[in-house]
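# Structure assessment
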Amino acid sequence: MNFKIALAQFAPRLGDVNANLTRILGLIAQSRAHNADLVVFPELALTGYYVKDLQTQVAARPRADDPRFAPLLDASREIDIVIGFVEEDARYRYFISAAYLSAGRVAHIQRKVYLPTYRIFDDARFFAPGNSLRAFDTRLGRAGMMICEDAWHLSTPYVLWMDGADFLIDLSASPGYGVSDAELASAMSTDAFLRAYAELTTTFVIYCNRVGIEDGITFWGGSCVIAPDGAMIARAPQFEEALTCAEIDRDALRRARLRLPTLRDEQRELVRHELGRIAKRELSQ
Amino acid sequence: MNDLLKPLQINPDLARKIIVAFIREEITRVGFSRGILGLSGGIDSALVAYLAVEALGAENVTGILMPYRTSNPASRADAELVARQLGIATRVIEITPMVEPYLAQYVDAHPERSEAQSKERRRGNVMARARMIVLYDQSEALRALVIGTSNKTEALLGYTTQFGDNAAAIQPLADLYKFQVRQLARALNVPDAIIAKAPSADLWQGQTDEGELGFTYDDADAILYRLVDERRHADDVIALGFDARIVQRIVALMQRNQFKRVLSPVAKISARTVGADFLYNRDWGK
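The following paragraphs examine the structure supplied in this document. Nothing here was measured: the structure is a model prediction, and the numbers come from that model.

## Observations concerning the overall build of chain B
When its secondary structure is counted, chain B shows twelve helices and four strands. Its C-alpha radius of gyration of 19 Å places chain B within 12% of the 19 Å reference for a compact globule of 286 residues. Projected onto its principal axes, the C-alpha coordinates of chain B cover approximately 55 × 50 × 50 Å. If you take every contact in chain B between residues at least 6 apart in sequence, the share linking residues at least 24 apart comes to 73%.

Shown next, in the form of structure tokens:
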């Protein structure tokens, strides 16, 4: 089945959930007007990135009785939605999470596993890490979600791929830095690994990065969709808000896997065995 | 160009795009539409003026010229040239009548420390802080935020007066080395004479930054880039062929002046302390 994806690259307002929710509902309506089947928002779209000590005020629980989630769940009756938010659990732990909403229900929650605490990042000071990495079924196909730093770990797309994901969705709040070349350094790095993931795993990679500035940190945008042969099929501009659509031709998965049968040939038992051996050795050291 | 500066080269289009958006966003999101800056006639404030005009429009940028009686008249002429080229309004506010009584009574008459250098430094700091008072008062008068003109080289060396020239609402150039400031200034067509002249705080006659520092900006930039951006050890930088005395002096200046780059330490008493574990961005809710 072919379908259409919308990438909602926008600038959330830091700590203002109501304003962001209004923006998000507007972008969902626009995506529907473009006949999109799925709209993807960036990491922490509901809250802004540097929430720091605001985490408790901006958090939501992904349930219909949460006033911040109810309108999103409602909207998902018409279009599938991937959205980044601060999740509070029943024991008051806070996570950077991504929700896949469809048909008025939460299809899947992925919590950010890798919380960076280097350079300009301090996620783990404020948030608890996710402890699972799972692909899940959607009406459009099997997908897996990664949140920003998760995608810098090679194992994340690998595990999701092995778990059956044909669509790797990366929600990001990636800061732009490095202006010594024709392209922004952070854009070049991200493009390189996303293309590599798409081509090596022969899956679709769907990347939604935010734009805007928080205390001098500029998020660079450049959201994109990459086909299973590594070809860029949609690309949002850098630094500017944009709603960018891409047509997904599911048959591209079949064609790419005939051309490059890495999925068929992947020796996951061997990988499991070797990782088991390595983990055991590390434990005994 | 010196080969050692090659890694510092920037793509001016990208830097310009990021900085222009930064000025516009960080000023308008807090409810302002205008910016002001101290226009000295030097390259840093000239470049900030060009970027601010691109971000806010010439009608929303005001240059404040704050000469002292010993200031080089050429500085003022250069500042006026920038204002004319950009079509921005200027205000000339002499600081001489503000600072002179204080300097005469408390600095010149009572040099607590005998060295001439200490007196010069005190005079220079008083002038820099008087300019800060003017800028912040004009900020209120014109409903315009103060746009800073610090660069990364002076921030790292601490070649700045705390609460003086480094006081600003936003800092568009503070992550660019002097070498990169020059490169960006050329791309924005800042007048050549301003780019080419010897940088000077113009706090006393004949003062130049490089003369006072004891090394050139090119040296400082090449060394700082390797120490700070590439995170090399000082010994490693010396082994690359840089003058050991300059490297050591730069390391010492960086460390000694860390206090100028942070908020003052707060004696922690309570469960939650401003500056320590009360953590919010400036842009919170904006």
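Additional details are given in the paragraphs that follow.
## Topic: the interface of chain B and chain A
Counting from both sides, the interface comprises 20 residues of chain B and, opposite them, 20 residues of chain A. The class makeup of the residues in the side of chain B that touches chain A is ten nonpolar, four polar and six charged.

## Here's the deal with the sheet that holds strand E3 (residues 89–92) of chain B
All names here are of chain B. Pairing in this open sheet of four strands is parallel, and the strands run E3-E2-E1-E4 from one edge to the other. Each of the sheet's edge strands pairs with one partner strand only, and the pair in question is E3 and strand E4 (144–146). For this sheet, the mean inter-axis angle between neighbouring strands, taken without regard to orientation, is 30°. By the bridge criterion, four bridges tie strand E1 (residues 34–38) to strand E2 (residues 61–65) in an arrangement that is parallel. Note that in E2 the partner of Ile 36 across the bridge is Thr 62. Sitting on the sheet, helix H2 (residues 43–56) is in contact with E1 and E2, with an inclination near 175° to E1.

## Here's the deal with the sheet that holds strand E13 (residues 232–235) of chain A
Residues and elements named next belong to chain A. Strand order in the open sheet formed by six strands is E6-E7-E8-E9-E12-E13, with mixed pairing between adjacent strands. Every other strand in the sheet has two partners, leaving strand E6 (135–138) and E13 as the edge strands with one partner each. The mean inter-strand angle of the sheet, taken between neighbouring strand axes irrespective of direction, is 20°. Relative to strand E12 (residues 224–226), strand E9 (residues 204–209) runs antiparallel, the two being bridged by three bridges.

Definitions and cut-offs
Residues numbered from 1 in each chain as written. Chains lettered and ligands numbered in written order. Predicted model: local features only at pLDDT ≥ 70, side-chain atom pairs only at ≥ 80, totals over all residues. Helix = DSSP H or I, 4+ residues; strand = E, 2+ residues; numbered from the N terminus. Rg over C-alpha atoms; globule rule 2.2 N^0.38 Å. Contact = placed C-beta atoms within 7 Å. Nonpolar A, V, L, I, M, F, W, Y, C, P; charged D, E, K, R; others polar. Pairing = 2+ DSSP bridges. Axes fitted to C-alpha atoms, helices over the stretch in contact; angles between N-to-C directions.

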